[in-house]
Amino acid sequence: MRVSFLSENINKKISFVNHAVSNRSALPILLNLLLLAKKGKFFISATDLEIGIEVSIPASIEEEGGITVPARTFYELLGSIPRGKIVLYTKDNALFFETDKIKTVFQTISPEEFPKIYDEKGDKITTLDNETLGSDLPKVVLAAASDAGRPALSGVLIKKEDKDGGFLMVATDGYRLSLKKGEGGEKSAEKKDKGPLLVPARLIRELISVKDWAGDIGVYSSAGNNQIIFFLEDAVLVGRLIEAEFPNYEKIIPSDFSTRTVVDREEFQKAVKTCSIFAREAANIIKLSLEKGKIVVSAAAPSLGETSAEVDAVIEGEENEIAFNARYLLEFLGNVDSEKIIFEMTGPLNPGVFKLDGDKDFLHIIMPIRIQG
């Protein structure tokens, strides 16, 4: 193998690939990157057997071939060199890395030992456009559990809604839930309907991390390998689907409300952030009091004192109050960009429903906290 490329063409993509490198593994090959020059393209791949990432780099291919190289050292070396041309070539099972002033030789492992990231493309499920990637996915995945203790809650459910390519995304960690309907753009006339897919939240977060250059993303499912495969503009992201039963989310979505509030998102966010300073010392509890023309956000900590902040709001229905975990409120408010937030509730012990003004296809639910008095 012999290839040359510009360092600026590899830097942003090598950090993405590095996310799939195993931190510690009994298999030395999983600590390596696969470098492959074929069919006029230069590919870099990594996998920890949970996810796999492959990117293609613009390069001049003088000789095709492949090799694997220690990922951490290769990544750090790339990050330390100045912009300019890099030449890679193999000789006697070693990889030579050269710039105008730097010459490095890496010990390698045969590429034959590197696991194949995916065998087949599978069937196309939908297409995710840039708006979905940058705006919709972040506000859905925030509700997924961060640990894998309950596998079903650590994923995002994606399922087709109709034959025109519409789809639904849902995530919940048991304390909150996000739901978004989207248009997939796939006028599908497939004879067999694909069942719901439970995608690891980690994969969704990886997609979001490259929203600046990912382009439109083709989503494919390989039933035989139980894999979901995302085809980006110059990359492929692969992961195993979660085999677990997703909760019946529909039954916890309230069908009506007794109080409806419309409030400015930024003002509301500032008030919650201010009161969260005190909430940190009191189980992170924030209380919302819905009164005529305003929401009073408050928090009290026995060791500190108490604080409150008023936010102008349009209140319809009866006055009410409810308490939430401040972190959940702040994460929701920080991941949406609507000017106005709509909040609906039926009582202090029932779920609170948050919607976005102008987006009828999204809702976010937070379970309340019972408070004394």
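Residues numbered from 1 in each chain as written. Predicted model: local features only at pLDDT ≥ 70, side-chain atom pairs only at ≥ 80, totals over all residues. Heavy atoms only, no water.

**A closer look at the environment of P302**
For step 1, the next point in the chain: Along the polypeptide, P302 turns up in the loop between β20 (294-301) and β21 (305-317).
For step 2, the next point in the chain: Spatially, the C-alpha atoms of P302 and F278 are 9.5 Å apart, while their sequence positions differ by 24 residues. (Helix = DSSP H or I, 4+ residues; strand = E, 2+ residues; numbered from the N terminus.)

**Some words on helix α5 (residues 265-279)**
For step 1, the next point in the chain: Its 15 residues give α5 an end-to-end C-alpha distance of 20 Å, which sits within 8% of 21 Å, the value for a rise of 1.5 Å per residue.
For step 2, the next point in the chain: All buried positions along α5 are accounted for by R265, F268, A271, V272, C275, S276 and A279. All buried residues of α5 fall inside an arc of 145° around its axis, so they share one side. For α5, the exposed residues lying more than 90 degrees away from the buried face are K270 and K273. (Expected span 1.5 Å × (residues − 1). Buried < 20%, exposed > 50% of the residue type's maximum accessible area, 1.4 Å probe, protein only. Arc of directions from axis to C-beta.)

**Notes on the pairing of strand β25 (residues 359-366)**
For step 1, the next point in the chain: With six of eight residues buried, β25 is to be regarded as a mostly interior element.
For step 2, the next point in the chain: Relative to β25, strand β13 (residues 176-183) runs antiparallel, the two being bridged by five bridges. Bridged to R176 within β25 is I366.
For step 3, the next point in the chain: Between strand β24 (residues 352-356) and β25, which pair antiparallel in sequence order, lie two residues; one of them, G358, sits at a positive phi of approximately 90°. (Pairing = 2+ DSSP bridges.)

**Concerning the packing of helix α1 (residues 7-18) against helix α2 (residues 71-80)**
For step 1, the next point in the chain: Two elements in contact, α1 and α2, have axes separated by 10 Å at closest approach and are oriented at 155°. Classified by the angle their axes make, α1 and α2 are roughly antiparallel. α1 and α2 meet at a crossing whose hand is left-handed. Facing I10, N11, I14, S15 and N18 of α1, the residues of α2 in contact are A71, F74, Y75 and L78.
For step 2, the next point in the chain: Partitioning the contact of α1 with α2 into residue classes produces six nonpolar, three polar and no charged. (Axes fitted to C-alpha atoms, helices over the stretch in contact; angles between N-to-C directions. Parallel < 35°, antiparallel > 145°, perpendicular 65-115°, else oblique. Left-handed = near helix turned anticlockwise from the far one by under 90°. Contact = heavy atoms within 4.5 Å. Nonpolar A, V, L, I, M, F, W, Y, C, P; charged D, E, K, R; others polar.)

**Here's the deal with unusual backbone geometry**
For step 1, the next point in the chain: Within the chain, K39 stands out as a residue other than glycine whose phi angle is a positive 50°.
For step 2, the next point in the chain: Structurally, K39 can be placed in the loop between β2 (32-38) and β3 (41-47).
For step 3, the next point in the chain: Exposure remark for K39: the relative accessible area of 76% places this residue in the exposed category.
For step 4, the next point in the chain: Even without glycine at this site, L49 takes up a positive phi of about 75°.

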